[in-house]
Amino acid sequence: MPAAGNILRQKVLATLLQTRPSQVPLRVLLRNTAAAVVPLAAGIYTGRVLVGIAVAVGAVVTMYSDQPGPYRQRLMRLLAVSVAGGIATFLGLTLNHHLPGLLIAGLAIGFAGALLVTFGDAIARVGMVSMILLVIATDLPAPSLGAALQLTAAVAAGGLLLTLFSVAAWPLHRYGPEREAREELQLPRALRPQSTLATLSASLTPRSAAFRHAVRSAVCFTLALWLSRLLHLPHGYWVPMTVAIVLRADYAATFSYGLLRVAGTVLGPALTPDRLHR
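None of the values given here were measured: they were computed from a predicted structure.

*Asks:* Any chance you could explain the packing of helix 4 (residues 71-94) against helix 7 (residues 145-167) here in plain terms?
*Replies:* A pair of packed helices is captured by two measures, namely the crossing angle of their axes and the spacing between those axes. As a packed pair, helix 4 and helix 7 sit with axes 9 Å apart at the nearest point and diverge in direction by 165°. With respect to helix 7, the element helix 4 is oriented roughly antiparallel. As helix 4 runs across helix 7, the sense of the crossing is right-handed. Classifying every residue of the contact of helix 4 with helix 7 gives 15 nonpolar, 8 polar and 1 charged.

Written as structure tokens, this is what we have:
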């Protein structure tokens, strides 16, 4: 037991203290910042702060899926995030006061979103964004169907704005990312990726690690959503949102994300105590 405890402590310290150089280019940081700040500033200037916040939220969560790669694939992925995020937002807004329906939506989005890990981490982020937006939307005021549609459109517009910023350089660097992906096309047929339908069909079985992860994610996400409502926690949406962000398909990644999440949550209030009491 002492040896196991020492190994665990060493692993915790290694996770907390490891440093890596930033892999995000400066131009990407600037364009993503602009995609979030511009609509927020416009909303404040025009007096439509809630709409500005909704657009900024849509842009921020879409950033999770803004990964390098061929522009065409990047465009399709970001458009998928915008559409899926809009649907999740609408469900969160309209089912906010109907707990059974909200839990069913959480179960479905949690399962389908996590199952996307079958197609790789970049595509799996589409599911994670959908889960995050579902719970964020439950905390947005939407007293009528019209207001819900307006906020849904604003969140989707934020995703589309980020998409526009992300692919704006396509005409200038049309073939750069595509050259990096050319090696995949030169692989032997046996090593090339299967079709989308064949890959998905192979994952819909309990023997599939992706299927088991999807079930685990759906159950944990829905339970967190239910508990946050049952206990009437202030800002309770952070509970299911944390599940969506932390829970990964493998133990090592889940442990790392969970530990860093806890450390950030503890250090945040400790470093800014004066702001919490204003």
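Here the narrative resumes, following the displayed structure.
*Asks:* Any chance you could explain the side chain of Arg-77 here in plain terms?
*Replies:* Summarising the element assignment, Arg-77 is placed in helix 4. Buried and unpaired, Arg-77 has no salt bridge, with Asp-66 as the nearest side chain of opposite charge at 5.7 Å. Aside from chain neighbours lying at most four places away, what touches Arg-77 is Ser-65, Gln-67, Pro-68, Ala-122, Ile-123 and Val-126.

*Asks:* Just to check I follow, could you spell out the packing of helix 2 (residues 26-46) against helix 7 for this structure?
*Replies:* Contact geometry of helix 2 with helix 7 gives a least axis separation of 9 Å together with a crossing angle of 145°. Once helix 2 is placed against helix 7, the crossing between them reads as right-handed. Contacts between helix 2 and helix 7 involve Arg-31, Asn-32, Ala-34, Ala-35 and Pro-39 on the former and, on the latter, Leu-161, Leu-162, Phe-165 and Ser-166. For the contact of helix 2 with helix 7, a count of residues per class yields 6 nonpolar, 2 polar and 1 charged.

Rules used throughout
- Residues numbered from 1 in each chain as written.
- Predicted model: local features only at pLDDT ≥ 70, side-chain atom pairs only at ≥ 80, totals over all residues.
- Heavy atoms only, no water.
- Axes fitted to C-alpha atoms, helices over the stretch in contact; angles between N-to-C directions.
- Helix = DSSP H or I, 4+ residues; strand = E, 2+ residues; numbered from the N terminus.
- Parallel < 35°, antiparallel > 145°, perpendicular 65-115°, else oblique.
- Left-handed = near helix turned anticlockwise from the far one by under 90°.
- Nonpolar A, V, L, I, M, F, W, Y, C, P; charged D, E, K, R; others polar.
- Buried < 20%, exposed > 50% of the residue type's maximum accessible area, 1.4 Å probe, protein only.
- Lys, Arg positive; Asp, Glu negative; His and termini not counted.
- Salt bridge = Lys/Arg side-chain N within 4 Å of Asp/Glu carboxyl O.
- Contact = heavy atoms within 4.5 Å.

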